[in-house]
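Residue-level structure breakdown
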Amino acid sequence: MLLPEPIQDLINAFSRLPGIGPKTASRLTFYLLRAQDELSLDLAEALKNIKSGTSYCQTCYNITTSGRVECEICASPERDKSLVCVVEEPLHVLALERTGSYPGVYHVLHGALSPIEGIGPEDLRIRELVERVRSGSVKELILATNPSMEGDYTAAYLHQQLLPYGVRLTRLARGLPVGGDMEYADQSTLLRALFGRQEMS
Amino acid sequence: MVTQDGTAQPDALHRQRSFRVEAVVLRHSDWGEADRLLVLYTLEMGKLRALAKGARKPRSRKAGHLEPYTRVSLQLARGRDIPIVSQAETLDPYLRLREELLLSTYASYVVELLDRFTYEEGENRSIYRLLADTLSRLCTQSSPELAVRYYEIRLLDLLGFRPQLFQCSSCGAEIQPQDQFFSAALGGVLCPQCGRDTAGALPVSMPALKYLRHFQRSSFSEAARVTLSAGINREMEALMQHYLTYLLERGLNTPAFLRRVRRIDQDEPPIAN
Ligand SMILES: [Zn+2]
Ligand SMILES: [Zn+2]
């Protein structure tokens, strides 16, 4: 059966989203078709605003409401501007904010370096980070990129780039996951947990 | 949901529901909500793709074993479209490759070459061993450059692109001990007479050619006895990358990273391609 064009268009659009295959895309499309008009209209409005209503914070490059120069975190007088946590994605800022105990500010790279995929420093907000460090107000950078090959590579690259500026560079500790089991830990994690062990006080 | 390019799966996949392989993880990409699609080079089946379900969840038991440039033992179960990882255990984490920027970049180069030159076409144990040995040499040898130059020349051999280094690729004359030319299109060295008349031929110095010949005929332990000067290494690297890029008909991603990383490391001027 040939589907009417508007239906096929929406299925195609959904299919381009990460984690959504043709089956899920069809299911969502037919769900919207049967649901109250209000749902589609709200969704359409939200989609329209997602780009026009947001912009990047000019300090940390996190997503913020359009019209603002700085995001709420950077603008807050409560936050320690000399402590900067470097993350790959805006979602990682949310994750760290949920801990409720990080006093500093952030820098969002919008990705990680990947030599094989050809994702280089110019594709990320690395120049902006170097600029921020060069300007002199940063005392410590916490490199909180993912504990993956790309995240480690990015941290090593930033380390090399930023070392000359005399800023303190730290990397999030890596070790055994809470609720995990030693038996299943890989050698990299175990070795790092061993080297990063802490005094019991 | 999985879109396949229609390549035939190895026979063993059809016979057994579950099988064990030894592999090096070449690449990974995000798949679905929390899964990872892996590109592996296996000892038993050559290049192979596999799905690691839930590998992006922090509590995944498998994730740490499945990072790129790790040598692993895997239990794979036949999936609907591609095999699914049911168990993973690290054989060698090559830890230095994830902690040192220059070594990590060399490892990326080694893996990119292998990934670009191979297809899902079945077992090639020599290629697997060369890959695993080279990653291990990067972690243990004092000169990563030497390990990589040796890898390039041996890989070309195993892929069937062994360059002709002993006779002129145009007139067949035996190569004399003097500076020569190299033609990617003809797949080897050219004597000075032929080289001057061949479009696109690169000059190659006698010392660089001597090392290339030596590597082509020697075991790694014999090759590792030489000391490569920075200048000769750069000349060999430029020549090999020229030839490899010609064979691939497309540029490689990793050499730009190598130039960048070395520039900061040693204040080297950028190397022209
Ligand atoms: Zn901000
Ligand atoms: Zn000739």
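The shown structure was predicted, so the numbers you read here are calculated from the model rather than taken from an experiment.

The secondary structure content of chain A amounts to eight helices and six strands. Starting at the N terminus and ending at the C terminus, chain A contains elements arranged as α-α-α-β-β-α-β-α-β-α-β-α-β-α. For a compact globule of 201 residues, the expected C-alpha radius of gyration is about 17 Å, and chain A comes in at 22 Å, more than 25% above that figure. Projected onto its principal axes, the C-alpha coordinates of chain A cover approximately 65 × 50 × 35 Å. Expressed as a percentage of its 201 residues, the buried residues of chain A come to 26%. Sequence-distant contacts in chain A: of pairs separated by 6 or more residues, those separated by 24 or more amount to 44%.

Within chain B, the secondary structure is distributed over 10 helices and eight strands. For chain B, the C-alpha radius of gyration of 20 Å lies close to 19 Å, the compact-globule estimate for 273 residues. Viewed in the frame of its principal axes, chain B has a C-alpha envelope of about 60 × 40 × 30 Å. Residues classed as buried in chain B amount to 41% of the 273 residues present. If you take every contact in chain B between residues at least 6 apart in sequence, the share linking residues at least 24 apart comes to 54%.

Residue and element names in this part refer to chain B. In spatial order, the strands read S7-S6-S8; together these three strands make up an open sheet with antiparallel pairing. Looking at strand neighbours, the two that pair on one side only are strand S7 (188-190) and strand S8 (202-204), the edges of this open sheet. Strand after strand, the sheet turns through a mean of 45° between neighbouring axes, direction not considered. Two strands pair when backbone bridges link them, and strand S6 (residues 180-183) and S7 are joined in this way by three bridges, in the antiparallel orientation. Opposite Phe181, over in S7, you have Leu190 as the bridge partner.

So, on to the domain arrangement of chain B. In many analyses, interface size is given as the accessible surface area lost on bringing the parts together. Residue and element names in this part refer to chain B. As assigned here, chain B comprises domain 1 (17-93) and domain 2 (97-266). Taking the mean C-alpha position of each, domain 1 and domain 2 sit 29 Å from one another. Each partner contributes to the interface: domain 1 provides 14 residues, whereas domain 2 provides 18 residues. Residue assignment for the side of domain 1 that touches domain 2 shows that the elements contributing at least two residues are strand S1 (18-31), strand S2 (35-42) and strand S3 (46-52).

Residue and element names in this part refer to chain A. Here four strands make up an open sheet; going across it, the order is S4-S3-S5-S6 and the pairing parallel. Each of the sheet's edge strands pairs with one partner strand only, and the pair in question is strand S4 (104-108) and strand S6 (168-171). Each adjacent strand pair in this sheet contributes to an overall mean axis angle of 25°, direction not counted.

With that out of the way, let us pick up helix H3 (residues 37-52) of chain A. For H3 of chain A, built from 16 residues, the straight-helix expectation of 22 Å at 1.5 Å per residue is met to within 8% by its first-to-last C-alpha distance of 23 Å. Of all 16 residues in H3 of chain A, zero are buried; the element is thus mostly exposed.

Attention now moves to the pairing of S6 of chain B. Residues and elements named next belong to chain B. Side chains Gln180 and Phe182 project from S6 onto one buried face, and the interleaved Phe181 and Ser183 project onto a second face that is buried too. Two strands pair when backbone bridges link them, and S6 and S8 are joined in this way by three bridges, in the antiparallel orientation. Bridge pairing in S8 links Phe181 to Pro203. What sits between the antiparallel neighbours S6 and S7 is a turn of four residues, in which Gly187 has the positive phi angle 75°.

Quick look at the packing of helix H4 (residues 125-140) of chain B against helix H5 (residues 144-159) of chain B now. The relative placement of two packed helices comes down to the angle between their axes together with the axis-to-axis distance. Residue and element names in this part refer to chain B. Contact geometry for H4 and H5: axes closest at 9 Å, N-to-C directions at 175°. In terms of orientation, H4 lies roughly antiparallel with respect to H5. For the pair H4 and H5, the contacting residues are Ser126, Ile127, Leu130, Thr134, Arg137 and Leu138 in the first and Pro144, Ala147, Tyr151, Arg154, Leu155 and Leu158 in the second. Along the lines of polarity and charge, the residues of the contact of H4 with H5 split into eight nonpolar, two polar and two charged.

What follows is about the environment of Gln241 of chain B. Tracing the backbone shows Gln241 of chain B in helix H9 (residues 230-248). With 89 residues separating them along the chain, Gln241 of chain B and Glu152 of chain B place their C-alpha atoms 9.0 Å apart.

Next up on the list: the interface of chain B and chain A. Facing the 28 residues of chain B at the interface are 27 residues of chain A. For the side of chain B that touches chain A, the secondary structure elements donating two or more residues are S1, helix H3 (101-117) and helix H10 (254-266) of chain B. When residues in the side of chain B that touches chain A are grouped by element, the largest group, six residues, is from H3 of chain B. A class-by-class count of the residues in the side of chain B that touches chain A yields 11 nonpolar, nine polar and eight charged.

Residues and elements named next belong to chain A. Of the positions making up helix H6 (residues 126-134), those classed as buried are Ile126, Leu129, Arg132 and Val133. Burial along H6 is one-sided: seen end-on, the buried residues are contained in an arc of 115°. For H6, the exposed residues set more than 90 degrees away from the buried face come down to Arg127, Glu131 and Arg134. Count one or two residues on from H6 and you reach Gly136, which has phi positive near 100°.

This brings us to the confidence of the model for chain B. Residues and elements named next belong to chain B. Here chain B averages 89 in pLDDT, while 90% of its residues score no lower than 70. For residues 1-8, every residue scores under 50 in pLDDT, and the model assigns this stretch six contacts once sequence neighbours within four places are set aside. Counting contacts from residues 267-273, a segment whose pLDDT is below 50, to residues more than four positions away or on other chains yields nine contacts. The ipTM, which scores confidence in the relative placement of chains, is 0.84 for this predicted complex, and the corresponding pTM is 0.86.

Of the residues in chain A, 100% have a pLDDT of 70 or more, and the chain-wide mean is 92. No element of chain A has a lower mean pLDDT than helix H8 (residues 187-195) of chain A, at 84, and none a higher one than S4 of chain A, at 98.

Judged by nonpolar contacts, the single largest core of 106 residues is most densely connected at Val86 of chain A together with Val25, Leu40, Ala107, Val110, Leu135 and Val189 of chain B. Looking at which element gives the most residues to this core, the answer is H3 of chain B, with nine residues. Filtering out sequence-adjacent residues up to four positions away, Val189 of chain B remains in contact with Gln164, Leu165, Cys168, Ser169, Ile175, Gln180, Phe181, Phe182, Val204 and Leu209 of chain B.

Calculation rules
- Residues numbered from 1 in each chain as written.
- Chains lettered and ligands numbered in written order.
- Predicted model: local features only at pLDDT ≥ 70, side-chain atom pairs only at ≥ 80, totals over all residues.
- Helix = DSSP H or I, 4+ residues; strand = E, 2+ residues; numbered from the N terminus.
- Rg over C-alpha atoms; globule rule 2.2 N^0.38 Å.
- Buried ≥ 20, exposed ≤ 12 C-beta atoms within 10 Å, placed from the backbone.
- Contact = placed C-beta atoms within 7 Å.
- Pairing = 2+ DSSP bridges.
- Axes fitted to C-alpha atoms, helices over the stretch in contact; angles between N-to-C directions.
- Domains from an automatic or database assignment.
- Expected span 1.5 Å × (residues − 1).
- Parallel < 35°, antiparallel > 145°, perpendicular 65-115°, else oblique.
- Nonpolar A, V, L, I, M, F, W, Y, C, P; charged D, E, K, R; others polar.
- Arc of directions from axis to C-beta.
- pLDDT = per-residue confidence, 0-100.
- Core = buried A, V, L, I, M, F, W, Y, C linked by C-beta atoms within 7 Å.

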